[in-house]
Amino acid sequence: MVRCRCTPAEAAGVTRDPWHTQPHPQPAALVTIDSEPFVGETPLAAIQSWLTPNSLYYARNHYETPAIDISGWRLVVDGHTSSVLDLTYNDVLEMPRRAMPVTMECAGNNRMDLDPPVSGNRFQGGAVSTALWTGVSLADLLDRAGAGPGAVEVVFEGADLGSPEPSGAPSPYARSLPLEAARHPDMLLAYEMNGEPLPEDHGYPLRLVAPGWYGMASVKWLTRISLIDHPYEGFFQKERYVLDTGHGPPEPLARMLVKSLFSRPRHGQVFERCAPLEVAGLAWSGAGEIADVEISDDFGETWTCANLDGLFHDYTWRQWTAVWTPPCAGHHTLMARARDENGDAQPMKNRWNRLGYAVNGVQSVCVNVR
Ligand SMILES: Nc1nc2c(c(=O)[nH]1)N[C@H]1C(S)=C(S)[C@@H](COP(=O)(O)O)O[C@H]1N2
Ligand SMILES: [Mo]
């Protein structure tokens, strides 16, 4: 059974936060989740707009952000290729440009909602953002290098260094994609974010943007792309970003599970009258288009369809709206549930897993009507 998550003060409509009754200014900064290295999530009050401003785009760094001198930076493409590429920043800028809006969610988003709790970055729900990315098609680059016989995976290596385990030697953050996935024409190597050069924390000068995948696939600060003839088994491929439920072997994470969130009303908001309210939010899935979003005010007994009338693009979240009329004065819990075109819907209960990934259970907000 799903219960109200409100504090007693919220349930009584007596919270003192002025946000509950007054217009709220746009928050100016990320919520710090960790500082060494920096990890920050988008403040929930800022998850209203379709594109996330760069300054409010969540940041997830495993190691210190590398300082990169652009004159010495190179992108090497090697391994099982017909030729080795060694490209300067200008070489990359001279290739055909592609721009694409993409929603990216960290696999650890909403980890705080798991019960019993798990360790890891304490994301509340703000580790999801959308930007317009501009760069070059990865497929163009792979075509130039030419895949050699036997190549099965492509490894992406960042310039950030660290030891994943306390006693280990430092190594770069790296992840692989199957060659077939890497060759998809929408895989992007981005050098601009919302029309600006990539900010340092988001991978300057060049990052992968793997649309539809959880964020870990989109390797930042790229320096090397290698084609290999065997499955890659690095730490961030085998030991992290796997779904370990305790039943059977851990499953590697790939595409974002279907999910939705409320932009308004805000959790705990107080309304002075029992009049129709505008309810709105965002919904996304890495597996395809959003087919429907429904809302419920009776803990999932009955559901009403929301309107899918807002902005969306192939790989972005979709805006949804609904009008909800409170049945009476008092305390209410609203829930939203999205379903994608494959028929996958958000579960009512979060699926617990050891590392706290892919948490996509139905979310709720509480409102008080006087
Ligand atoms: N080189 C490198 N790439 C990386 C990471 C990293 O720590 N180092 N973090 C990954 C994770 S887990 C996520 S969720 C996204 C976050 O991208 P952002 O910080 O631009 O939001 O980058 C991915 N790419
Ligand atoms: Mo992540």
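Keep in mind it's a predicted model, so treat the numbers as computed, not measured.

A. How the structure looks around the packing of aromatic side chains. Under the definition given, this model contains 10 aromatic pairs. Their ring planes at 25° and their centres at 5.1 Å tell us that Tyr241 and Tyr357 sit as a pair that is stacked. Taken together, the positions of Tyr241 in the loop between helix H5 (235-238) and strand E14 (242-243) and Tyr357 in the loop between strand E22 (330-340) and strand E23 (363-369) put the pair 116 residues apart, joining distant regions of the chain. Between Trp284 and Trp317, the ring centres sit 5.9 Å apart and the planes meet at 65°, which makes this aromatic pair edge-to-face. With a gap of 33 residues between them, Trp284 in strand E18 (residues 277-284) and Trp317 in the loop between strand E20 (304-305) and strand E21 (318-324) connect regions that are remote in the sequence. Trp317 shares its class with Trp284; the two are buried. Taken together, the ring pairs connect Tyr63, Tyr173, Phe235 and Phe236 into an aromatic cluster.

B. Inspection of the domain arrangement of the protein at higher detail. Domain boundaries assigned for the protein yield domain 1 (8-25 + 256-369) and domain 2 (54-252). Placing the centre of domain 1 and that of domain 2 at their C-alpha centroids yields a distance of 30 Å. Facing 21 residues of domain 1, the contacting portion of domain 2 comprises 33 residues. Contact with domain 2 buries surface across domain 1, with Met256, Tyr315 and Tyr357 losing the most and accounting together for 32% of the total. Here domain 1 is connected to domain 2 by 2 salt bridges. A salt bridge links Glu105 to Lys259, with the shortest nitrogen-to-oxygen separation between them at 2.6 Å. If you look at where domain 1 meets domain 2, you find 16 residue pairs in polar contact (both at pLDDT 80 or more). Class assignment for the residues of the side of domain 1 that touches domain 2 results in 11 nonpolar, 7 polar and 3 charged.

C. Representation of the site of ligand 1 in the model. Among the 21 residues in the neighbourhood of ligand 1, the closest are listed as Tyr58, His62, Asp160, His202 and Lys220. For ligand 1, an oxygen atom lies 2.9 Å from a polar atom in the backbone of Arg60. In the model, an oxygen atom of ligand 1 is placed 2.6 Å from a nitrogen or oxygen of the His202 side chain. In isolation ligand 1 offers 530 Å² of accessible surface; the protein chains occlude 100% of this area. Mapped by element, the contributors of at least two residues to the shell around ligand 1 are strand E3 (59-60) and strand E8 (153-162).

What counts as what
What you see as residue numbers is a count from 1 along each chain, following the sequence as written. Ligands are numbered from 1 and chains lettered from A, in the order in which they are written. In keeping with the model being predicted, local features are shown solely for residues with a pLDDT of at least 70 and side-chain atom pairs are shown and tallied solely at 80 or more, while totals for entire chains, interfaces and linings include all residues. Water and hydrogen atoms were dropped before computing side-chain values, which therefore reflect all heavy atoms in the structure. Two aromatic rings, drawn from Phe, Tyr or Trp (for Trp, its six-membered ring), form a pair once their centres lie within 6.5 Å of each other, and the interplanar angle then sorts them: stacked below 30 degrees, edge-to-face above 60, tilted otherwise. Every helix listed is a DSSP run of H or I at least four residues long, and every strand listed is a run of E at least two residues long, numbered separately from the N terminus. Working definition: with a 1.4 Å probe on protein chains only, accessible area under 20% of the residue-type maximum means buried, over 50% means exposed, and in between means partly exposed. Each domain span listed reflects an automatic or database assignment of domains. Contacts were defined at the residue level, with two residues in contact if any of their heavy atoms lie within 4.5 Å. The term buried area denotes the loss of accessible surface (1.4 Å probe radius) that occurs when two parts are joined, taken as the sum for both partners. A carboxyl oxygen of Asp or Glu within 4 Å of a side-chain nitrogen of Lys or Arg is what we treat as a salt bridge. The definition of a polar contact used here is a pair of N or O atoms within 3.5 Å, where within protein one atom must be able to donate a hydrogen and the other to accept one, and adjacent residues in sequence count solely through side-chain atom pairs. Throughout, the ten residues Ala, Val, Leu, Ile, Met, Phe, Trp, Tyr, Cys and Pro are labelled nonpolar, Asp, Glu, Lys and Arg are labelled charged, and all others, Gly among them, are labelled polar. What makes a residue near a molecule or strand is one non-hydrogen atom of that residue sitting within 4 Å of it. To be clear on the numbers: accessible area is Shrake-Rupley with a 1.4 Å probe, and residue cover counts the displayed protein chains and nothing else.

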